[in-house]
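# Fold and contact review
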Amino acid sequence: MDLPSGQSSVADHQVVVVGNGMVGHRFVELAADIPGVGVTVFGEEPRGAYDRVHLSEYFAGTSADDLALGTPPEAATVHIGEGVQEIDRDAKTVTTTQGRIVEYDTLVLATGSYPFVPPIEGRDRPHCHPYRTIEDLDGIQASGVGGAVGVVVGGGLLGLEAANALKNMGLATHVVEFAPGLMGTQLDDGGGTMLRGMVKKLGVEVHTGKNTLRIVDGESSRHRMEFADDTALETDLVVFSAGIRPRDELARDAGLEVGERGGIVIDEGCRTSDPNILAIGECALYDGRIFGLVAPGYEMAKVAAAGLAQDDSVAFRGADMSTKLKLLGVDVASIGDAHGRSRGASTYTYIDERERVYKRIVVNKTGKKLLGAVLVGDTADYGMLLQTMRSELTLPKHPDALILPRRDGGGMPAGAVDSLPDEAQICSCHDVSKGAIVAAVCEGATTLGAVRSCTKAATGCGGCAPLVTQVLNAELERQGVEINTDLCEHFPHTRQELYHLVRARGITTFAELIEKHGRGRGCDICKPAAASIFAACWNDHVLRPKHAPLQDTNDHFLANMQKNGTYSIVPRVAGGEITPDKLIALGQVAKKYDLYTKITGGQRIDLFGAQVHELPLIWRELIDAGFETGHAYGKAVRTVKSCVGSTWCRYGVLDSVGMAIHIENRYKGLRAPHKLKFAVSGCTRECAEAQSKDVGVIATEIGWNLYVCGNGGMRPRHADLFATGLDDATLIQLIDRFLMFYVRTADRLQRTSVWMENLEGGLDYLKSVVIDDSLGLAAGLEAEMAHVIDTYKCEWKAAIEDEEKLQRFRTFVNSNRTDDSLVFVRERGQRRPAFADELAVEV
Amino acid sequence: MNASSSANAPCGPEEGETPSLQGPTADMIDWTPVCSLDALIPDVGVRALVGEEQVALFRLSGLGEVFAIDAFDPFSKAPVLSRGIVGDLNGQLVVASPIFKQHFNLETGSCLEDAAMSVRTYQTRVVAGRVEIASGLSRGNGEGR
């Protein structure tokens with residue numbers, strides 16, 4: 001066989017993929033692993049495959065790189081910026097836009113769709129954009145500059161996403177929809193009406209039943225949109241998001257069968273009318289339907305790849321278009337037959353106009369099976385309802401129980417999760433079944449966090465977390481496992497419970513705490529936990545004699561013990577900004593005490609090798625030079641890393657150093673269940689790596705974006721975008737609340753990332769508590785933080801001014817000798833502890 | 001505390017003047033004064049130099065006696081045990097190494113996590129408010145360094 005390129009000569013079956021979108025990319029990932037198959041991809045967009053589902057986040061500061069779907073497998077050859085313009089089915093070749101002719105054994109069409117732009121006069125004017133690609137978004141962003149009003153044509157799912165983007169750009173935003181309601185495909189009239197009210201309340205104007213006739217020059221704005229009912233709207237920017245149409249021209253020109261209203265007809269194996277050509281994703285038409293969601297597209301990619309591997313056990317038989325999302329901050333979900341169009345169907349509806357919740361379920365004519373549902377304002381029941389429908393569970397005697405509020409706080413009706421079959425899909429993002437979760441629990445995953453890390457369930461959109469928790473708890477209960485969340489053998493309580501006891505009962509000593517709420521003498525688990533709680537609640541100086549036995553050695557000596565029993569010292573260098581004088585002072589102290597000196601990852605300087613008795617001497621000199629403690633020894637706020645920001649950087653948008661210093665000085669000394677790291681970046685280039693921190697702040701044109709619960713280290717976790725476009729005061733207010741809520745509720749040694757993953761309801765719940773104050777805690781959290789800030793003292797300053805506290809800084813209780821058992825070796829001009837083999841030589 | 005250790009126990013201030021010991025008799029032991037009892041904060045260890053040995057001393061709240069073990073942690077090979085947190089686990093009085101967190105029984109020196117490892121223990125007594133330690137004679141068969 002004559003192969004087009006030498007590189008692919010090992011493969012005996014050439015696959016050419018047209019289209020490098022999400023579905024094409026997924027197919028390539030799967031197909032590249034099949035032995036004997038060579039894969040060549042042509043994508044016309046000028047960049048690699050990216051996540052189109054989260055496209056709107058591009059406006060919130062997520063970069064094109066963040067959206068990228070990762071590099072394609074090495075085995076695949078990807079041509080970016082090169083499309084295919086012709087298929088020759090007889091010769092089995094394609095001709096590319098660069099005139100290249102490439103042979104194929106199997107051709108896969110993953111050409112996706114294009115945004116439908118209604119045939120309106122003036123639609124080609126400047127500042128009128130479709131909403132589909134990163135290039136479109138760049139155009140929209142550019143047009144937003146200098147504009148005041150933006151209009152989205154289309155009130156569907158994507159249209160509302162686009163409206164959110166315009167609103168975040170600071171434009172007065174309007175949505176113009178031809179149909180009488182919003183999201184007509186997914187929602188019934190009642191749901192659409194509720195959504196409309198909520199969207200309007202958020203400041204987006206909605207115009208339904210509007211037929212746009214033409215776009216002409218405006219009077220007060222760039223454009224004037226004229227409607228069929230003789231009304232008009234002035235706007236600076238128009239975004240078209242009026243649905244999608246399959247891109248089937250290539251197939252059409254090649255004589256493949258296409259649907260009446262477009263779409264390449266495929267069978268259960270994703271084969272087109274030519275068995276050597278497959279079609280997947282939004283360009284494909286199965287059973288008369290286009291599937292415009294990513295999950296069915298991925299399913300098709302899986303089926304197509306399996307077919308190539310001669311595995312015909314999987315087939316595409318259509319997909320459930322149920323969906324759950326958040327639009328303009330409103331939770332919306334649609335399941336199955338949302339409109340109740342099935343024969344004999346009847347419905348139950350629950351409307352709460354005060355809380356703005358709309359729920360409707362559609363049941364079959366016997367009232368025993370669920371056919372569909374619409375949820376607006378509260379989608380907590382989505383997972384449960386979806387499984388009830390998919391698994392065809394028998395409904396309770398009164399089906400309205402499924403949507404009526406459960407004021408006792410119960411979850412799914414008792415026993416309902418037990419009745420799900422093992423193959424029921426619990427997590428649709430990662431296709432995790434109930435059986436897989438049960439198996440993980442049997443193998444020892446007994447917390448939501450553990451189930452998440454071993455099955456990936458609830459790590460996509462997170463919407464199934466409550467359902468995963470129910471499956472987990474039901475299985476634990478079935479196994480007769482009593483979940484032991486005790487802190488240790490001395491306290492039958494979690495850290496969170498102890499925190500509440502300490503605060504509510506005003507307990508200030510460990511003796512009182514263990515006498516009233518524990519047993520025994522305590523241990524190295526509960527004592528530091530109690531000390532951390534006392535510090536967070538009462539901000540007592542950690543060196544108070546009554547707390548001395550509770551502290552581990554780092555907190556006891558206010559320094560970090562290293563492997564040979566000596567300590568390191570990290571003075572605070574807020575925001576990483578340091579004057580030359582202070583830098584010289586640090587160097588002089590390090591030189592005088594022969595301390596090994598190293599720059600830390602948190603933009604500070606660490607001085608190693610001090611003995612206990614040297615610590616106060618060193619600190620006296622550091623304090624005289626203007627330093628204060630850096631709390632590197634504590635489970636406390638560590639550093640706020642920053643880039644140089646708008647002060648010096650040509651790209652800087654806001655003063656990141658100033659904000660970093662402000663944040664660091666505000667929260668310094670705050671004791672927490674674990675260490676806390678922050679960063680502030682001055683623009684979306686993100687040089688301070690804020691998205692790997694517990695609290696990350698990134699400057700944008702419209703204000704600060706706040707990210708939370710990121711982590712580096714052993715278990716890296718990308719921080720989640722928490723709020724956007726904040727002013728200084730709101731940013732600080734949200735961080736106050738977030739930190740104090742974490743301090744109050746996290747388990748001992750639980751970083752914010754794990755804490756959040758274990759919160760039932762995850763990020764959405766955290767947002768509701770911190771931003772929307774759903775639990776009414778905000779004022780209390782802010783007051784507690786204010787107390788901590790008001791009572792801050794540098795622990796080292798307090799220590800060296802207090803003779804009694806200085807007593808403990810003795811190397812030996814009965815001698816003024818230093819510890820001469822320590823052995824150091826000089827290396828690269830500094831000293832370091834000797835290794836065991838070096839010790840043998842020395843002795 | 002178990003019976004055998006109380007028979008061998010270092011003595012509190014009340015009975016310190018006339019220690020009763022099994023095995024070697026009191027006058028065979030060479031007692032080295034270390035520090036005043038007041039220098040020991042309850043539940044906070046200190047390090048003492050006894051000859052050239054580094055010893056970790058602990059006074060526990062509610063107990064009159066003083067416990068002494070080798071300061072060297074056999075796992076990290078660093079003299080850190082006086083700087084661990086004390087407490088009890090399953091009824092045993094313990095100190096946790098601040099480096100790798102193993103627990104050592106203050107009365108026997110044995111390591112709770114690894115039966116093959118232990119540290120030396122020393123007899124102590126309190127005489128006229130001063131802590132004394134038995135030098136040259138250890139109470140357990142420590143696997144010190």
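Residues numbered from 1 in each chain as written. Chains lettered and ligands numbered in written order. Predicted model: local features only at pLDDT ≥ 70, side-chain atom pairs only at ≥ 80, totals over all residues. Heavy atoms only, no water.

Let us now look at the overall build of chain A. When you go through chain A residue by residue, the secondary structure sums to 25 helices and 39 strands. Radius of gyration (C-alpha) of chain A: 31 Å, near the 28 Å computed for a compact globule of 843 residues. Seen through its C-alpha atoms, chain A measures out along the principal axes to roughly 95 × 65 × 65 Å. The 843 residues of chain A split such that 53% are buried. Of the contacts formed within chain A by residues at least 6 apart in sequence, a portion of 61% connects residues at least 24 apart. Only carbon and sulfur atoms are counted for the fraction: they give 49% of the accessible area of chain A, which is about 36800 Å². (Helix = DSSP H or I, 4+ residues; strand = E, 2+ residues; numbered from the N terminus. Rg over C-alpha atoms; globule rule 2.2 N^0.38 Å. Buried < 20%, exposed > 50% of the residue type's maximum accessible area, 1.4 Å probe, protein only. Contact = heavy atoms within 4.5 Å. Areas by Shrake-Rupley, 256 points an atom, 1.4 Å probe, with all protein chains shown as cover.)

Take the overall build of chain B next. Looking only at helices and strands, chain B features one helix and 11 strands. Ordered by position from the N terminus, the helices and strands of chain B form the series α-β-β-β-β-β-β-β-β-β-β-β. Each of the 145 residues in chain B was classed as buried or not, and the buried ones make up 55%. Pairs at least 24 residues apart make up 47% of the contacts formed inside chain B by residues separated by at least 6 positions. Accessible surface, chain B: about 6100 Å² in total, of which carbon and sulfur atoms supply 49%.

Before going further, it helps to examine the domain arrangement of chain A. Interface size is commonly expressed as the accessible area that is lost once the parts come together. Residues and elements named next belong to chain A. Here chain A is described as being made up of domain 1 (6-113 + 246-308), domain 2 (128-242), domain 3 (495-551), domain 4 (552-629 + 795-843) and domain 5 (636-793). For domain 1 versus domain 5, the distance between C-alpha centres works out to 41 Å. Between domain 1 and domain 5, the contact holds four residues from the first and six residues from the second. Buried area between domain 1 and domain 5, summed over both chains or domains, comes out near 350 Å², and the portion from carbon and sulfur atoms is 46%. (Domains from an automatic or database assignment. Buried area = accessible area lost by both parts, 1.4 Å probe.)

Residues and elements named next belong to chain A. What the three strands build is an open sheet, ordered 13-14-15; its pairing is antiparallel. Among the strands making up the open sheet, the edge pair consists of strand 13 (212-217) and strand 15 (232-235). Shown here is a sheet whose adjacent strand axes are inclined to one another by a mean of 20 degrees, direction ignored. Sheet topology note: the strand 13/strand 14 (residues 223-227) ladder contains five bridges and is antiparallel. By the bridge assignment, T212 is partnered in strand 14 with F227. (Pairing = 2+ DSSP bridges. Axes fitted to C-alpha atoms, helices over the stretch in contact; angles between N-to-C directions.)

This next bit is on the nonpolar core. All names here are of chain A. Of all hydrophobic cores here, the largest spans 65 residues; its most connected members are I663, F678, L706, I735, L739 and L766. Both domains that meet at this core, namely domain 3 (495-551) and domain 5 (636-793), each give it at least three residues. Once you skip the residues sitting within four places of it in the chain, I663 turns out to touch V640, F678, V680, V697, I732 and I735. By size, the runner-up hydrophobic cluster in this structure holds 45 residues, among which are V37, V41, L109 and A279. (Core = buried A, V, L, I, M, F, W, Y, C linked by side-chain atoms within 4.5 Å.)

Let us look at the interface of chain B and chain A. Contacts between the two partners involve 32 residues from chain B and, on the opposite side, 32 residues from chain A. Carbon and sulfur atoms supply 56% of the area buried between chain B and chain A, which totals about 2500 Å² over both sides. Inspection of the chain B/chain A interface yields two salt bridges. Residue D819(A) is joined to R47(B) by a salt bridge in which the shortest nitrogen-to-oxygen separation is 2.9 Å. (Salt bridge = Lys/Arg side-chain N within 4 Å of Asp/Glu carboxyl O.)

Residue and element names in this part refer to chain A. Strand order in the open sheet made by the five strands is 9-16-10-11-12, with parallel pairing throughout. Looking at the sheet topology across the chains shown, the edges are occupied by strand 9 (128-130) and strand 12 (204-207). On average, adjacent strands in this sheet sit at an angle of 20 degrees to one another, irrespective of strand direction. Strand direction decides the pairing type here: strand 11 (residues 172-176) and strand 12, joined by four bridges, are parallel. Each bridged residue has a counterpart across the sheet, and for V175 the counterpart in strand 12 is V206. In this fold helix 3 (residues 134-144) packs onto strand 9 and strand 16 (237-240), with an angle of close to 155 degrees to the strand it touches most, strand 9.

All names here are of chain A. Here L586 shows up in helix 16 (residues 580-592). By relative accessible area, L586 is classed as buried at 3%. Measuring from C-alpha to C-alpha, the distance between L586 and F627 comes to 9.1 Å, with 41 residues separating the pair along the chain. Here L586 is in contact with P571, I578, I605, L607, L622 and F627, once residues within four sequence places are set aside.

As for its placement among the helices and strands, T469(A) is situated in helix 11 (residues 465-478). Residues contacting T469(A), with those up to four places away along its chain left out, are L448(A) and E760(A).

All names here are of chain A. Taken as a whole, this structure holds 44 salt bridges over all chains when the rule is applied. With a closest N to O distance of 2.8 Å, E226 and R214 form a salt bridge. Separated by 12 residues along the polypeptide, E226 in strand 14 and R214 in strand 13 bring together distant segments of the chain. Close ionic contact of K797 with E801 constitutes a salt bridge, the shortest N to O distance being 3.3 Å.

Let us now look at helix 12 (residues 495-505) of chain A. Residues and elements named next belong to chain A. Burial in helix 12 covers these residues: R495, L498, Y499, L501 and V502. Down the axis of helix 12, the sector holding all buried residues measures 165 degrees, keeping them to one side. Exposed side chains of helix 12 directed beyond 90 degrees from the buried face belong to A504 and R505. The inward-facing, buried residues of helix 12 abut helix 13 (510-517), helix 14 (526-538), helix 19 (728-745) and helix 22 (778-790). Count one or two residues on from helix 12 and you reach G506, which has phi positive near 65 degrees. (Arc of directions from axis to C-beta.)

Residues and elements named next belong to chain A. Interaxial distance between helix 18 (residues 656-667) and helix 19 falls to 12 Å at its minimum, and their mutual angle equals 35 degrees. Handedness of the helix 18/helix 19 crossing: right-handed. On helix 19, the residues that touch M659, H662, I663, R666 and Y667 of helix 18 are D728, L731, I732, I735, D736 and L739. (Left-handed = near helix turned anticlockwise from the far one by under 90°.)

Turning to the packing of aromatic side chains, a few remarks are in order. Residue and element names in this part refer to chain A. Counted according to the given criterion, the structure contains 14 aromatic pairs over all chains. An angle of 15 degrees between the planes, with centres 5.6 Å apart, marks the rings of W619 and W796 as stacked. Placement of the pair is W619 in helix 17 (residues 614-624) and W796 in helix 23 (residues 795-800), with a sequence separation of 177 residues. Of the two residues, W619 and W796, both sit in the buried class. Cluster of aromatic residues (ring-pair linked, three or more members): F557, Y567, W619, W796 and F809. Looking at R245, its charged tip hangs above the ring of F116, at a distance of 4.0 Å from the centre. Lying over the aromatic face of F627, K582 brings its terminal NZ or CZ to 5.0 Å of the ring centre. (Phe/Tyr/Trp six-rings, centres within 6.5 Å; stacked < 30°, edge-to-face > 60°. Lys NZ or Arg CZ within 6 Å of the ring centre and 35° of its normal.)

Regular strands place their side chains on alternate faces of the sheet. All names here are of chain A. The two faces of strand 22 (residues 323-327) differ: T323, L325 and L327 on one face are buried, but K324 and K326 on the other face are not. Where strand 22 and strand 23 (residues 330-336) come together, five bridges link them in antiparallel fashion. Counterpart to L327 in the pairing with strand 23 is V330.

This brings us to the environment of E268(A). Residues and elements named next belong to chain A. Within the secondary structure, E268 sits in the loop between strand 18 (264-265) and strand 19 (277-279). Since its relative accessible area comes to 35%, E268 is described here as partly exposed. Those residues in contact with E268 that sit more than four places away from it in its chain are Y286, V303, A315, F316 and R317. A polar contact of 3.5 Å, which involves the side chain of E268, links it to the side chain of R317. (Polar contact = N/O pair within 3.5 Å; in protein donor to acceptor, adjacent residues only side chain to side chain.)

What follows covers helix 16 of chain A. It helps to recall that an α-helix has 3.6 residues per turn; residues three or four apart then point in one direction. All names here are of chain A. Along its 13 residues, helix 16 runs 18 Å from first to last C-alpha, staying within 8% of the 18 Å computed at 1.5 Å per residue. Buried residues of helix 16: A585, L586, V589 and A590, and no others. Projected onto a plane normal to the axis of helix 16, the buried residues spread over an arc of 130 degrees and lie on a single side. Exposed residues lying more than 90 degrees from the buried face of helix 16 are P580, D581, Q588, K591 and K592. For helix 16, the elements touching its buried residues are strand 31 (596-599), strand 32 (605-610) and helix 17. After helix 16 finishes, the residue D594 shows a positive phi value of roughly 55 degrees. (Expected span 1.5 Å × (residues − 1).)

Applying the stated rule across the entire model yields zero disulfides over all chains. In this structure C687(A) is not part of a disulfide, and its nearest cysteine sulfur, from C643(A), lies 5.7 Å away. Using a relative accessible area of 58% as the deciding quantity, one classes C687(A) as exposed. With no disulfide of its own, C111(B) lies 15 Å from the sulfur of C523(A), the closest cysteine sulfur. (Disulfide = S-S within 2.5 Å.)

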